[in-house]
Amino acid sequence: MTIVEVAPSLVSIAEKTRAAASKLAILSTEAKNEAIAAIAQGLESAREEILQANVADCQAAAAEGIAKPLYKRLQLDEHKLRDAIAGVRDVGKLADPIGKVQIHRELDTGLVLKRISCPLGVLGIIFEARPEAAIQIVSLAIKSGNGVILKCGKEAVRSCEAIVKAIKQGLSQTAVSPDAVQLLTTREETVGLLKLDKYVDLIIPRGSNSFVRFVQENTRIPVLGHADGICHAYIDQAADINKAVEITVDAKIQYAAACNAIETLLVHQAIAGEFLPKVAAALAANHVELKGDQRTLEILPNIAPATEVDWETEYSDLILSVKIVDSLEDAIAHINQYGSRHTDAIITENIATAESFFGLVNSAGVFHNCSTRFADGFRYGFGAEVGISTQQMPPRGPVGLEGLVTYKYQMTGNGHIVASYTGSNAKAFIHRDL
Ligand SMILES: NC(=O)C1=CN([C@@H]2O[C@H](COP(=O)(O)OP(=O)(O)OC[C@H]3O[C@@H](n4cnc5c(N)ncnc54)[C@H](OP(=O)(O)O)[C@@H]3O)[C@@H](O)[C@H]2O)C=CC1
Ligand SMILES: N[C@@H](CCC(=O)OP(=O)(O)O)C(=O)O
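Per an unreviewed UniProt entry, the recorded name for the protein chain is Gamma-glutamyl phosphate reductase, and the organism is Nostoc spongiaeforme FACHB-130. Heading Catalytic activity (unreviewed entry) of the UniProt record for the protein chain holds this comment: "L-glutamate 5-semialdehyde + phosphate + NADP(+) = L-glutamyl 5-phosphate + NADPH + H(+)".

Dropping the structure here:
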């Protein structure tokens, strides 16, 4: 691939972002914090404009028949916007992840090695129609010294344009160039972005498995995949039933369209007869439709049957598949086969069983006696998140500031040469941490 195929306007955007990012990379913590405060102020000043743009997006999406949970995700009311702006200020208060000395080691007298954290450069982030994600991502990008090219979901274009305009307005009074933040709005631009390996250092696609795979197969830029959330709750035979009902309901309904909501409930056969009618009543009261395997249907005869397809489906809606399992091992095997390595929970009062689950479930988040909805950068104390990485290699789970940095090895000597450390009279290294 060469940049010749890409629209000149997109190359120009990328060049400007790269130039702005190079300057941002070496700014002081104070200068970055001032920029973050100015972003918060810019968003506050443009509150009315942003909310109106969002109303227009919501009306258009409703006219297109968008599903209710996705509509809720698109909607940016006053409270959500206020929380997002507060989140920007919180990111300003976090420690600067740049310039941290990770290794400081004397290799030999006068020969000193340091490993220092530094920004990645320019991030290309493709995300869904969730406007406040743009605010979270930009605040993390600026604080970590990175430029960012955003591509939002098509239903949120008006909202994200208003948000990015306000952010640029805020930045215009600071040491950070407004060019450090860019917004793309079309799929054609996304395809072009993937070809800009000369300007973009990391692509983060937040989307379906197949979309993340498409991105990986069509770019030379490193990709940090934030794919689907097929999350599970396993109700063990030693579960506290009331706790299990409350956690199941929260993990399903609290934000059904979020990737950390559960899609499948696994229930130990020894507790199913008592637990399932109770949880079914609580879920029905919250308008959740259940689908069950054959053994579940024997206890809950009025629900629809679940098929193989259900175990691999992310409903992103008020639908939950249910399966009865014979053992912890069967639950873990199901999760490792059908899950997406996002977040999975066990509900049990047996600590040893919970520890086995922690050790054997291969997901970014393994939770005991709490809702999968806690998988979130803000809730983890990261201030905000770029999204939730579903990759095996780090960063995994919610990606905050620490996930947006790399490092450099800095070595200082005084005429030291490697030949002195080889051969029959080789000097020995000291390797002393300073
Ligand atoms: N792990 C995480 O942090 C997150 C995971 N997800 C997961 O993403 C999945 C889908 O979410 P959903 O809301 O439907 O998001 P979409 O798949 O609708 O959109 C996500 C982004 O990808 C773009 N996109 C999708 N397909 C293509 C394509 N073929 N070519 C170019 N661009 C494309 C969209 O562009 P456009 O809108 O213009 O079509 C949008 O910007 C779910 O599984 C969800 O769990 C979502 C968010 C965060
Ligand atoms: N961190 C988020 C969920 C992750 C996320 O971005 O999900 P999505 O709703 O798919 O955009 C939350 O708990 O609200």
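There is more to say after this.
Draft legend 1. Structural detail: the side chain of Asp96. Looking at the element boundaries, Asp96 is found in the loop between helix 5 (78-93) and strand 1 (101-108). Given a relative accessible area of 13%, Asp96 falls into the buried group. For Asp96, the side chain forms a polar contact with the side chain of Thr29, separated by 2.7 Å. Within polar-contact distance, the side chain of Asp96 engages the side chain of Lys32 at 3.0 Å. If near-sequence neighbours (up to four positions away) are discounted, Asp96 is found in contact with Thr29, Lys32 and Lys143.

Draft legend 2. Up close: the UniProt feature "domain: Aldehyde dehydrogenase" (unreviewed entry) in the protein chain. Under the UniProt annotation, the feature "domain: Aldehyde dehydrogenase" (unreviewed entry) is placed at residues 14-290. Regarding residues 14-290, the helix share stands at 51% and the strand share at 18%, and the terminal C-alpha atoms are separated by 47 Å.

Draft legend 3. Representation of the confidence of the model for the protein chain. Looking at the protein chain as a whole, the pLDDT averages 96, with 99% of positions reaching at least 70. With pTM at 0.92, the complex prediction returns an ipTM value of 0.92.

Draft legend 4. Examining the side chain of Thr190 more closely. Tracing the chain through its elements places Thr190 in helix 8 (residues 187-193). Residue class for Thr190 comes out buried when judged on its relative accessible area of 6%. Once residues within four sequence positions are removed from consideration, Thr190 is found in contact with Ile126, Lys151 and Phe211.

Draft legend 5. Spotlight on the site of ligand 2. Contacts to ligand 2 come from 14 residues, most closely from Glu128, Arg206, Arg373, Asp376 and Glu385. Backbone polar atom of Cys259 to an oxygen atom of ligand 2: 3.4 Å apart, as the coordinates give it. With respect to ligand 2, the side chain of Asp376 contributes an N or O atom lying 2.5 Å from a nitrogen atom. In isolation ligand 2 has 380 Å² of accessible area, and contact with the protein removes 93% of it. A breakdown of the residues in the shell around ligand 2 according to their chemical character gives 5 nonpolar, 1 polar and 8 charged.

Draft legend 6. Quick peek at the site of ligand 1. Close to ligand 1 lie 21 residues; Arg73, Phe127, Lys154, Glu314 and Ile388 are nearest. Burial of ligand 1 by the surrounding chains reaches 84%, relative to a free accessible area of 890 Å². Within the shell around ligand 1, the residues separate by chemical class into 7 nonpolar, 6 polar and 8 charged.

Draft legend 7. A look at helix 10 (residues 241-253). For helix 10, with 13 residues, the first-to-last C-alpha span of 18 Å sits near the 18 Å given by 1.5 Å per residue. Buried residues along helix 10 sit against strand 7 (231-235), strand 8 (262-268), helix 11 (269-284), strand 11 (319-325) and strand 12 (343-347). Two or three places before Asn242, at the start of helix 10, stands the capping residue Asp240, its side-chain oxygen 3.0 Å from that residue's backbone nitrogen.

Draft legend 8. Up close: the pairing of strand 12. Judged by how many residues are buried, strand 12 sits mostly within the fold: 5 of 5 residues are covered. Of the two faces of strand 12, the one lined by Thr343, Ala345 and Ile347 and the one lined by Asp344 and Ile346 are each fully buried. Judged from the 4 bridges that link them, strand 7 and strand 12 form a sheet pairing that is parallel. Bridge pairing links Ala233 to Ala345 in strand 12. Relative to strand 13 (residues 365-368), strand 12 is paired through 4 bridges, and the arrangement is parallel. Along strand 13, the bridge assignment pairs Thr343 with Gly365. As for the winding sense of the linkage, the β-α-β connection from strand 12 through helix 15 (residues 351-360) to strand 13 is right-handed.

Draft legend 9. Structural view of the sheet that holds strand 17 (residues 432-433). Read from one edge to the other, the open sheet built from 4 strands follows the order 16-2-1-17, with strand pairing classed as antiparallel. A strand with exactly one partner marks an edge of an open sheet, and here the two such strands are strand 16 (405-412) and strand 17. Pairing of strand 1 with strand 17 involves 2 bridges; the strand directions are antiparallel. What sits directly across from Glu106, in strand 17, is Arg432.

Draft legend 10. The arrangement of unusual backbone geometry in detail. Each neighbour pair has its own omega, and for Pro394 with Pro395 the value is -5 degrees, a cis peptide bond. Within the secondary structure, Pro395 is located in the loop between strand 14 (388-389) and strand 15 (397-398). A positive phi angle is found at Ser316, which is not glycine, with a value near 50 degrees. Turning to its location among the elements, Ser316 is positioned in the loop between helix 13 (308-311) and strand 11.

Draft legend 11. Spotlight on the environment of Asn218. For Asn218, the position within the fold is in the loop between helix 9 (209-217) and strand 7. Spatially, the C-alpha atom of Asn218 lies 26 Å from that of Ala20, the residues being 198 residues apart in sequence. A distance of 2.7 Å separates the side chain of Asn218 from the backbone oxygen of Phe214, its partner in a polar contact.

Basis of the calculations
Residues numbered from 1 in each chain as written. Chains lettered and ligands numbered in written order. Predicted model: local features only at pLDDT ≥ 70, side-chain atom pairs only at ≥ 80, totals over all residues. Heavy atoms only, no water. UniProt positions renumbered as here; feature names shortened; annotations may be inferred. Helix = DSSP H or I, 4+ residues; strand = E, 2+ residues; numbered from the N terminus. Buried < 20%, exposed > 50% of the residue type's maximum accessible area, 1.4 Å probe, protein only. Polar contact = N/O pair within 3.5 Å; in protein donor to acceptor, adjacent residues only side chain to side chain. Contact = heavy atoms within 4.5 Å. pLDDT = per-residue confidence, 0-100. Near = heavy atom within 4 Å. Areas by Shrake-Rupley, 256 points an atom, 1.4 Å probe, with all protein chains shown as cover. Nonpolar A, V, L, I, M, F, W, Y, C, P; charged D, E, K, R; others polar. Expected span 1.5 Å × (residues − 1). Pairing = 2+ DSSP bridges. Right-handed = clockwise from strand over helix to strand, strands pointing away.

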